[in-house]
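Inside the fold
Listed here are the chains, written in short residue letters.
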Amino acid sequence: MRSLIGGPGSVALHLFSVAVVSCGVIAGVASAAFAQGEPAADPVKVLVERLDLEKYKATVKGLTQFGDRRQGTDRNRAAVDWIEAQLKIYGCSTERIKYVYDPPVNTGGGRGRGNTGLAQGGGRPRGVRTPTGVNTDPMKQPDEKLRALNMQPTTPGPREAVYCTKVGTTRPDEMYIVSAHMDGHGWGEAANDDGSGTALVMELARVFSGPDVQTERTIRFALWNNEETGSQAARAYIAQRQGLQGKEDPPGSGRYPEPKWLGMIQHDMMMFDHGMPRADGTISKEQRPEADVNIEFQVSSKMAAESQKLAWAVEVANERYATDYPAAVGSHMTNTDSGPFQDLIPAISLRENERGVHIGSGWDPQWHQPTDVFATYNDKDFRLGLNAAQTTLGAVGQLTGANLKR
């Protein structure tokens, strides 16, 4: 088994070590606190408790002011600027990835999946299935103001995506990437796909950027662009920065513009788990009581073993820190920005449902539709997204050695 502490190969040992060391640290803190007659405090739990449902909802709402945020439009560029401004307010140091996107000519073909009976990513759909697709008809959006906001078409050319960084104190040369995509389409507000994931990552950036928060390892919070067209921003990031990993610049400075990637955690559609469609194609209006956060890795990837270990570390954090909904691990991650990373480092994605067999079978009727607007969702839906935030924050806090200054 390859080692995780120095890079992707060392992730398995690192994840195991995190669990063992965390227990030892907590035990030590508990002993000291007991000796002083004070209860022990888990610093990661304190950070998780700084997440707030109303703040999460407000961030989702803020993103929806830019409509569907379709890439290659003024509304998309304005949303990137707004996200960066918020991250700066939190005290998180920002940068941008710049690249050019020229859409390929659509020849009408496609790879397809033949007659395998498998969903995207390799899962096997079961139960009732309803059609899915991307709405391209503006007249299906009944809100005239939103329809007008979304009217500008995409054009080829320069693109940008923003990220910010929490620099580690003792291992600044090692990093976890926590991410979501900020673009959408379908003539709605892209509230769930992927305002819910973008808001989650922004909330984690807010909490980890608190003035009293320290982490041993570095965390990068990335808000990708162009996910809906094939994860071009994530691919540009890899192309531009993979070769810079772990290099001190300038030498002797203790600064690492691109720390070594230890793992990547993507968030894409976090709020809607109302169950399988009924036989007539309708969906329950209420979040199902057994809703959960789906944590997926890709079993066919080169880093499957390490990615699975990262997935289980996140699931354990859910059990410890999430307040309402459990998590489930699956092996068919697909169609999101963790895909370009999956053969390079441990990479997982968190979602409201399994991407291939559930979302691909119509379990979320708002997916890429005009109904993906803030008003569609209620607090039970938003709370599922908040629980995903609690899950990831808990895991990343442990993996990066988060603590509070005294």
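Each chain has its residues counted from 1, following the order in which its sequence is written. Restriction of local features to residues with pLDDT of at least 70 applies here, the model being predicted, together with a cutoff of 80 or more for giving and counting side-chain atom pairs; totals for whole chains, interfaces and linings are based on all residues. To get the side-chain values, take all heavy atoms of the structure and skip hydrogens and water.

A few words on the overall build of the chain. Note on conventions: DSSP H or I runs of at least 4 residues are helices, E runs of at least 2 residues are strands, and numbering of each starts at the N terminus. Tallying secondary structure elements over the chain gives 9 helices and 10 strands in all. The buried label goes to any residue with under 20% of its type's maximum accessible area, the exposed label to any with over 50%, and the partly exposed label to all in between, with areas taken from a 1.4 Å probe on protein chains only. Looking at the chain as a whole, 55% of its 406 residues qualify as buried. By definition in these notes, contact holds between two residues if any of their heavy atoms fall within 4.5 Å. When contacts within the chain are restricted to residue pairs at least 6 apart in sequence, those whose partners lie at least 24 apart make up 80%.

A few words now on the nonpolar core. By size, the foremost hydrophobic cluster in this structure holds 66 residues, and its most contacted members are Tyr-56, Ile-83, Leu-87, Leu-204, Phe-208, Phe-221 and Ile-348. The contact partners of Leu-204, leaving out residues within four places of it in the chain, are Leu-51, Val-178, Phe-221, Ala-389, Thr-392 and Leu-393. Ranked by size, the runner-up nonpolar core spans 20 residues in total, among them Ile-97, Met-175, Ile-177 and Ala-234. Among buried residues, the Ala, Val, Leu, Ile, Met, Phe, Trp, Tyr and Cys ones that are joined through side-chain atoms within 4.5 Å form a nonpolar core.

A few words on the confidence of the model for the chain. pLDDT measures how confident the predictor is about each residue, on a scale from 0 to 100. The pLDDT averaged across the chain works out to 91; a share of 88% of its residues lies at or above 70. Put simply, helix 1 (residues 11–35) is where the chain has its lowest mean pLDDT, 46, and strand 5 (residues 217–224) is where it has its highest, 99. Between residues 1–9, whose pLDDT stays under 50, and residues either more than four places distant or in other chains, the model counts 40 contacts. Long-range and interchain partners of residues 19–35, a stretch whose pLDDT sits below 50, account for 9 contacts in this model, where long-range means more than four residues apart.

The next subject is unusual backbone geometry. Across the junction of Asp-193 and Asp-194, the peptide omega takes the value 5 degrees, indicating a cis bond. Note the cis peptide between Asp-249 and Pro-250, where omega equals -5 degrees. The backbone of Ser-231 shows a phi angle near 60 degrees, a positive value even though the residue is not glycine. Relative to the helices and strands, Ser-231 is located in the loop between strand 5 and helix 7 (232–241). Ser-231 gets classed as buried once you look at its relative accessible area, which sits at 5%. Phi at Asn-335 takes a positive value of approximately 55 degrees, unusual for a residue other than glycine.

Turning next to the packing of helix 4 (residues 74–90) against helix 6 (residues 191–208). Orientation is described by lines fitted to C-alpha atoms, with helices fitted over the stretch in contact, and by angles between N-to-C directions that extend from 0 to 180 degrees. For the pair helix 4 and helix 6, the least separation of the axes is 9 Å and the interaxial angle reads 25 degrees. By the angle between their directions, the pair helix 4 and helix 6 is classed as roughly parallel. Considering the relative orientation of helix 4 and helix 6, their crossing is right-handed. Touching Trp-82, Ile-83, Gln-86, Leu-87 and Tyr-90 of helix 4 are Thr-198, Met-202, Glu-203, Ala-205 and Arg-206, all from helix 6. Any angle from 65 to 115 degrees is called roughly perpendicular, while one under 35 is roughly parallel, one over 145 is roughly antiparallel, and all others are oblique. When the near helix sits turned anticlockwise from the far one by under a right angle, the crossing is termed left-handed; a clockwise turn instead gives a right-handed crossing.

In this section: helix 9 (residues 379–399). Multiplying one less than the number of residues by 1.5 Å gives the expected span of a helix. The terminal C-alpha atoms of helix 9 lie 30 Å apart, and with 21 residues this matches the ideal 30 Å at 1.5 Å per residue to within 8%. Side-chain atoms alone can form a polar contact between residues adjacent in sequence; in general such a contact is a pair of N or O atoms within 3.5 Å, and within protein one must be able to donate a hydrogen while the other accepts it. Here helix 9 starts with a cap whose side-chain oxygen sits 2.9 Å from the backbone nitrogen of Lys-380, and that cap is Asn-378. Looking one or two residues past helix 9, Gly-401 carries a phi angle of roughly 70 degrees, positive in sign.

Moving on to helix 8 (residues 304–321). The terminal C-alpha atoms of helix 8 lie 25 Å apart, and with 18 residues this matches the ideal 26 Å at 1.5 Å per residue to within 8%. Looking at helix 8, one finds that the buried residues are Ala-304, Glu-306, Ser-307, Leu-310, Ala-311, Val-314, Glu-315, Ala-317, Asn-318 and Tyr-321.

Before going further, it helps to spend a moment on the state of the cysteines. Cysteine sulfur pairs qualify as disulfides if the two atoms are within 2.5 Å. Within this structure, the stated rule accounts for 1 disulfide. The residue that forms a disulfide with Cys-92 is Cys-164, at a sulfur-sulfur distance of 2.2 Å. The sign of the 90 degrees torsion about the S-S bond sets the Cys-92-Cys-164 disulfide as right-handed. Here Cys-92, found in the loop between helix 4 and strand 1 (93–101), pairs with Cys-164, found in strand 2 (residues 157–166); they are 72 residues apart in sequence, far enough to count as distant. This pair shows no difference in class: Cys-92 is buried, exactly as Cys-164 is.

On to the pattern of salt bridges. When a carboxyl oxygen of Asp or Glu is within 4 Å of a side-chain nitrogen of Lys or Arg, the pair counts as a salt bridge. One pass over the structure, following the stated rule, counts 22 salt bridges. Salt-bridge contacts for Arg-320 lead to Asp-42; the nearest nitrogen and oxygen are separated by 3.4 Å. Placement of Arg-320 in helix 8 and of Asp-42 in the loop between helix 1 and helix 2 (43–48) is noted, with a sequence separation of 278 residues between them. A salt bridge links Asp-68 to Arg-75; the nearest nitrogen and oxygen atoms lie 2.7 Å apart.

This part covers the sheet that holds strand 6 (residues 260–267). If you walk across this open sheet you meet the 8 strands as 1-2-5-3-6-9-7-8, and the pairing is mixed. The strands lining the two open edges of the sheet, one partner per strand, are strand 1 and strand 8 (327–330). Adjacent strand axes in the sheet meet at a mean angle of 25 degrees, parallel and antiparallel pairs treated alike. Criterion used throughout: strands pair if DSSP finds at least two bridges between them. Strand direction decides the pairing type here: strand 6 and strand 9 (residues 347–351), joined by 4 bridges, are parallel. Opposite His-267, over in strand 9, you have Leu-350 as the bridge partner.

Okay, the environment of Met-202 next. Relative to the helices and strands, Met-202 is located in helix 6. Sequence separation of Met-202 and Tyr-163 is 39 residues, and the distance between their C-alpha atoms is 9.9 Å. Apart from the residues lying within four places of it in its own chain, the contact partners of Met-202 are Thr-59, Trp-82, Ile-83, Gln-86, Leu-87 and Tyr-90.

Before going further, it helps to spend a moment on the environment of Tyr-56. When you line up the elements, Tyr-56 lands in helix 3 (residues 53–64). Residues Tyr-56 and Phe-382 lie 326 residues apart in sequence; the distance between their C-alpha atoms is 7.8 Å. Once residues lying within four places of it in the same chain are set aside, the contact partners of Tyr-56 are Ser-196, Ala-199, Leu-200, Glu-203, Met-270, Met-271, Phe-382, Gly-385 and Leu-386.

Once that is clear, we can look at the packing of aromatic side chains. The geometry of an aromatic ring pair comes down to the distance between the two centres and the angle between the two planes. Paired rings are identified among Phe, Tyr and Trp, the last through its six-membered ring, by centres lying within 6.5 Å, and are further divided according to the angle between planes into stacked (under 30 degrees), edge-to-face (over 60) and tilted (the rest). On inspection of all chains with the given rule, the structure shows 11 aromatic pairs. Between Trp-224 and Phe-341, the ring centres sit 6.1 Å apart and the planes meet at 40 degrees, which makes this aromatic pair tilted. A residue pair is termed long-range when its members are at least 10 positions apart, and Trp-224 in strand 5 and Phe-341 in the loop between strand 8 and strand 9 qualify at 117 residues. On the accessibility criterion, Phe-341 (0% relative accessible area) is buried. Ring pairs connect the aromatic residues Tyr-163, Trp-224, Tyr-237, Trp-261 and Phe-341, which therefore count as one cluster.

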